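Remarks on the overall topology
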Amino acid sequence: MSVSRRATLLRRAAVAAAALGLIAACGSGGGSTSSGDGRLELWTFLDPNSPDDPRGQALRTVVDGFNESQDEVEVTIRNINYAKIDSEVVRATASGQGPDLVNVYSAQLATHVDAGTVLPLDDYAADYLAQIGDDLIFPLEGVRFGGSVMSIPWETRAWLLWYRKDLLDAAGLPVPATLDELASTAGALAASGAAQTGLAIGFSDQGLGADFVEKFIPLTWGFGGEILDEDGTAAFDDDAGVQALEYLRRLHEAGAFGDEVLNMAADDVIQSVTAGTVAMAIEGSYRVGAARSGEGIGENLQTVPVPSRTPGEPLPTAVAGQTMAIGANADDPEAAWTFIEYYTSEESQALFAEAGVLPVRASVYDTPEFDALPNADELRSWRDYVVDHGRPQPVSSRFNELSAALVGVGQQTVFRDEDPREALTGVAEQYDSAAR
Amino acid sequence: MTVKSPEAPPVREHRPVPAVQARRRPSTRPRLLPYGLLLPAVVVVAVVSVFPIVFALNLSLHETRFTQLEDFVGLDNYAAILGSSAGWASIGRSLIYVVASLALAIPMSLGIAHLLNRPARFRLVFRALILMPWVISQTVAALLWRWLLNADYGPLGLGDVAGTRIDVFADPVQAMAALILVNVWISYPLATILCLAALQTIPAELEEASDVDGAGPFTRFRRITLPMMAPTLFVVAILLTLLYFNMVTLVLTFTAGGPFGATQLVSLDAFNESFSFFNLGLGAAYSVILFVFNIVFGAAYIKLIRSEGDG
């Protein structure tokens, strides 16, 4: 090989190495996903292009409205599957590539706070919160950590008893008014063949057992217990937690549901309700609109507050919802806050209400636009349930782990007759030990 | 006659070394050039392969808080897994899953490759059809089979099989069996194609000679086909073993580890601990255990290949 050829090769190798270094440097660069030119990236589970989810279309309208109102700031949307968004935000933020704005479900906010993916809003939100005051029906304790508000709720939800009116009517059964009646009615519906499953509760491991835990929490409250103590230690392994599991076992024994629910997560339950194979379920208010849009469903799907042991006294409902936060990597937090103010304004709330979202601001329920909604009265009844019987959903940065463990306990105690107290105690000890 | 004294050998003239050569000789450039040329490849391999392994090993020896490395805890994360019945149960289920899948996938692929190797009409069409499961993503395959096997609305009608309801996802044994079958369904095309390629390299003369010698199909398969395909089969076994041990998406979407934890595999534990519960240290320990299994199985196959070769 000639000297000149070798020199050329060496030069090329040096250029390649330099290019590699440059690529590596670019990859490890700091800053958020925004380019610093007034663009803010919003990461959300909502798909603005979804033809099926009216919330996505409302999001698009709100973001477009904000962008039109701004000269120097533009919000772009990045849609991420709801099962992945939290871990993606944690990983991206750790590498300096996190979003400017992030939609966080209130039950996951503790995880984000612990991971340092969101900024405290004290510097921005104090005036705003003082201004709206009692207008916010979402309990602020659910988004306050260490004395700081970490995100602003824009949606609230309650868990309601869904029932197929047509199926209950066909079976000649009334809407249950107590937990005992719920068991007997669900058993009767299944026995009569009106539906395959009288009352569906998802016991699947899919979604880390979220559907099961969403029922276990209010039932435990209803029997006088707590999920977590004020210091964050497990409290669900007391008599109330045991009674909640025993009640679920009683539902199984009454024929309210069979082994088929072991394969059901929330989505499966809702699909089965719309298909008419499930007559009743306890699901979120935020899914009612989409479920009713199914063919032949419409007003056959009705909701009432979940009954308790006492007639006329509903079971407490967990209050949770979607919130908007400023990402820890945000280049321009002030601009991000301007968007959050716009996103949670009365006008935007009214747009989301049209999409079946329960607004977090009380004043929205009294506007003429709200009155014009076809289900305004129903939405108001849900609001009343939230205000009168709502409790912030327990929050913990280890909630996913707890949820996955609790559904395992549910499966073992309801379907395999394992001792509920022993199973709950095991999970509680594991949870407390891991938290320490 | 005069005798001449022999001439002294000519003394070689020591010419001064040109200045250019004097400078070149001590230069290390020619000796370093090969290393320089190799460097980019070494860097890429180190970044892509070695760094993640070392990183995972390091993670597994530390306590972690989300993505932050905290205290060094030695082998505590491994002790948490290997010192618990749940950890060993996951390992046992992973072994069942991998071994059962291999036991089904390899013979099945070999059989299908044999059929595809025979002259037949529409052979190309069959080959394309056989490949189809391979091009389907694991998520889609899992959702497809969840729908097919659903006892309530699945088209296979498992809700009423001669008056019996077969709820695959409610029974631990059936759920694991279904998971293995779906796993085989999405992975057999790869093995089939490799087996088919190996079959086509077997000289026709050998088979003709065995015919002349009166060997039946079974003897021919045992004495000619199988020995000649052995290296390919071992490669297939290695590839599938790696694929099966590391499988997450299919398991997560198909059963998510249930019911009753019956399909909770080590790969799923690694995923959940790392990305659902953010216990990266523990998740990394699960990954390293998987890595060790892959190494052990791979080494065993390679040893078998060598012993076959020696034999």
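Procedures and definitions
- Residues numbered from 1 in each chain as written.
- Chains lettered and ligands numbered in written order.
- Predicted model: local features only at pLDDT ≥ 70, side-chain atom pairs only at ≥ 80, totals over all residues.
- Heavy atoms only, no water.
- UniProt positions renumbered as here; feature names shortened; annotations may be inferred.
- Helix = DSSP H or I, 4+ residues; strand = E, 2+ residues; numbered from the N terminus.
- Buried < 20%, exposed > 50% of the residue type's maximum accessible area, 1.4 Å probe, protein only.
- Areas by Shrake-Rupley, 256 points an atom, 1.4 Å probe, with all protein chains shown as cover.
- Domains from an automatic or database assignment.
- Contact = heavy atoms within 4.5 Å.
- Buried area = accessible area lost by both parts, 1.4 Å probe.
- Salt bridge = Lys/Arg side-chain N within 4 Å of Asp/Glu carboxyl O.
- Pairing = 2+ DSSP bridges.
- Axes fitted to C-alpha atoms, helices over the stretch in contact; angles between N-to-C directions.
- pLDDT = per-residue confidence, 0-100.
- Right-handed = clockwise from strand over helix to strand, strands pointing away.
- 1 Å grid on protein atoms, 1.4 Å probe; cavity = no way out; pocket = protein on both sides within 12 Å on 5 of 7 lines; lining within 4 Å.
- Points joined across faces, edges and corners; volume = space filled by probe spheres on them.
- Nonpolar A, V, L, I, M, F, W, Y, C, P; charged D, E, K, R; others polar.
- Polar contact = N/O pair within 3.5 Å; in protein donor to acceptor, adjacent residues only side chain to side chain.

Chain B is annotated in an unreviewed UniProt entry as Sugar ABC transporter permease from Jiangella aurantiaca. In its Sequence similarities (unreviewed entry) section, the UniProt entry covering chain B states "Belongs to the binding-protein-dependent transport system permease family." Looking at the Subcellular location (unreviewed entry) heading of the UniProt record, one finds this comment for chain B: "Cell membrane".

As recorded by an unreviewed UniProt entry, chain A carries the name Extracellular solute-binding protein and is attributed to Jiangella aurantiaca.

**Some words on the overall build of chain B**
When its secondary structure is counted, chain B shows twelve helices and two strands. Taken from N to C terminus, the helices and strands of chain B fall in the order α-α-β-β-α-α-α-α-α-α-α-α-α-α. Considering chain B as a whole, with its 311 residues, one finds that 38% of them fall into the buried category. Counting only carbon and sulfur atoms, one obtains 67% of the accessible surface of chain B, whose full area is about 18,200 Å².

**Remarks on the domain arrangement of chain A**
Residues and elements named next belong to chain A. Once the domains are mapped, chain A shows domain 1 (39–150 + 321–392) and domain 2 (159–318 + 398–435). Here domain 1 and domain 2 have C-alpha centroids that lie 28 Å from each other. Listed by partner, the interface residues are 13 residues for domain 1 and 20 residues for domain 2. When the buried area of domain 1 at its contact with domain 2 is split by residue, Trp-382, Tyr-385 and Arg-391 rank highest and sum to 47% of it. Linking domain 1 with domain 2 are two salt bridges, by the criterion used here.

**Some words on unusual backbone geometry**
Residue and element names in this part refer to chain B. A cis amide bond links Gly-258 to the next residue, Pro-259, at an omega of -5°. Inspection of the secondary structure puts Pro-259 in the loop between helix H10 (249–254) and helix H11 (266–276). Even without being glycine, Phe-122 reaches a positive phi, approximately 60°. By the secondary structure assignment, Phe-122 is in the loop between helix H4 (85–117) and helix H5 (123–135).

**Concerning the sheet that holds strand S9 (residues 278–284) of chain A**
Residue and element names in this part refer to chain A. The mixed open sheet is built from four strands, whose spatial order is S8-S9-S7-S10. Sheet topology places strand S8 (197–200) and strand S10 (301–305) at the edges, where each strand pairs with a single neighbour. When the angles between neighbouring strand axes are averaged without regard to direction, this sheet yields 20°.

**Section: the UniProt feature "domain: ABC transmembrane type-1" (unreviewed entry) in chain B**
UniProt records the feature "domain: ABC transmembrane type-1" (unreviewed entry) for residues 91–301 of chain B in the present numbering. Span residues 91–301 of chain B is 74% helix and 0% strand, its end C-alpha atoms 20 Å apart.

**Quick notes on the confidence of the model for chain A**
Residues and elements named next belong to chain A. When the pLDDT values of chain A are averaged, the result is 89; 92% of them are 70 or greater. The secondary-structure element of chain A with the lowest mean pLDDT is helix H1 (residues 3–27), recorded at 41, while helix H9 (residues 239–253) shows the highest, at 98. Predicted confidence for residues 1–31 stays below pLDDT 50, and this span has 17 contacts to residues more than four positions away or in other chains.

**Here we look at the pairing of strand S1 (residues 39–44) of chain A**
Residues and elements named next belong to chain A. The buried fraction of S1 is high, at five of six residues. Alignment of S1 against strand S2 (residues 74–79), held across six bridges, turns out to be parallel. Residue pairing in the sheet places Thr-44 in a bridge with Asn-79 of S2. Each parallel crossover has a hand, and the one from S1 via helix H2 (residues 54–69) to S2 is right-handed.

**Things to note about the UniProt feature "transmembrane region" (unreviewed entry) in chain B**
When the UniProt feature table is mapped onto this chain numbering, "transmembrane region" (unreviewed entry) sits at residues 32–57, 95–116, 128–148, 175–199, 232–257 and 277–302 of chain B. Overall, residues 232–257 of chain B shows 77% helix and 0% strand. The separation of its end C-alpha atoms is 33 Å.

**Overview of empty space enclosed by the protein**
A full pass over the atoms with the stated rule returns three cavities of 30 Å³ or more. The volume enclosed by the largest cavity comes to roughly 60 Å³. Considering the residues around the largest cavity, the lining is formed by Ser-204, Asp-205, Gln-206, Leu-262 and Asn-263 of chain A together with Arg-146, Phe-169, Ala-175, Phe-254, Thr-255, Gly-258 and Pro-259 of chain B. Class assignment for the residues of the lining of the largest cavity results in five nonpolar, five polar and two charged. Within this model, the second largest cavity holds a volume of roughly 40 Å³. Around the second largest cavity, the lining residues are Ser-106, Ala-107, Phe-138, Gly-142, Val-319, Pro-392, Gln-393 and Val-395 of chain A. Considering only residue class, the lining of the second largest cavity consists of five nonpolar, three polar and no charged.

**Things to note about the side chain of Asn-103 of chain A**
Residue and element names in this part refer to chain A. Along the chain, Asn-103 turns up in strand S3 (residues 101–105). On the basis of relative accessibility, which here comes to 3%, the residue Asn-103 falls in the buried class. A polar atom in the side chain of Asn-103 sits 2.8 Å from the side chain of Trp-154. Separated by 2.7 Å, the side chains of Asn-103 and Gln-322 make a polar contact. Apart from residues lying up to four places away in sequence, Asn-103 is in contact with Leu-42, Trp-43, Thr-44, Phe-45, Ile-85, Trp-154, Gln-322, Thr-323 and Met-324.

**Quick look at the interface of chain B and chain A**
Tallying the contact residues gives 33 residues for chain B and 32 residues for chain A. Residue Arg-146 of chain B pairs with Asp-268 of chain A through a salt bridge whose shortest N-O separation is 3.7 Å. For the pair chain B and chain A, the interface holds eight residue pairs in polar contact (both at pLDDT 80 or more). Within the residue set of the side of chain B that touches chain A, elements represented by two or more residues are helix H2 (29–60), H10 and H11 of chain B. Considering every element that reaches the side of chain B that touches chain A, the biggest residue donor is H2 of chain B, with four residues.

**Description of the environment of Pro-139 of chain A**
Residues and elements named next belong to chain A. Take Pro-139: it is sitting in the loop between helix H5 (122–132) and strand S4 (144–145). Exposure remark for Pro-139: the relative accessible area of 17% places this residue in the buried category. Spatially, the C-alpha atoms of Pro-139 and Lys-84 are 26 Å apart, while their sequence positions differ by 55 residues.

**Concerning the sheet that holds strand S6 (residues 152–153) of chain A**
Residues and elements named next belong to chain A. With mixed pairing, five strands are arranged side by side in an open sheet as S2-S1-S3-S12-S6. Of all strands in the sheet, those bounded by a partner on one side alone are S2 and S6. Two strands pair when backbone bridges link them, and S1 and S3 are joined in this way by two bridges, in the parallel orientation. The residue bridging Trp-43 from the neighbouring strand is Val-102, located in S3. Against the sheet, H2 touches S1 and S2, its axis set at about 155° to S2.

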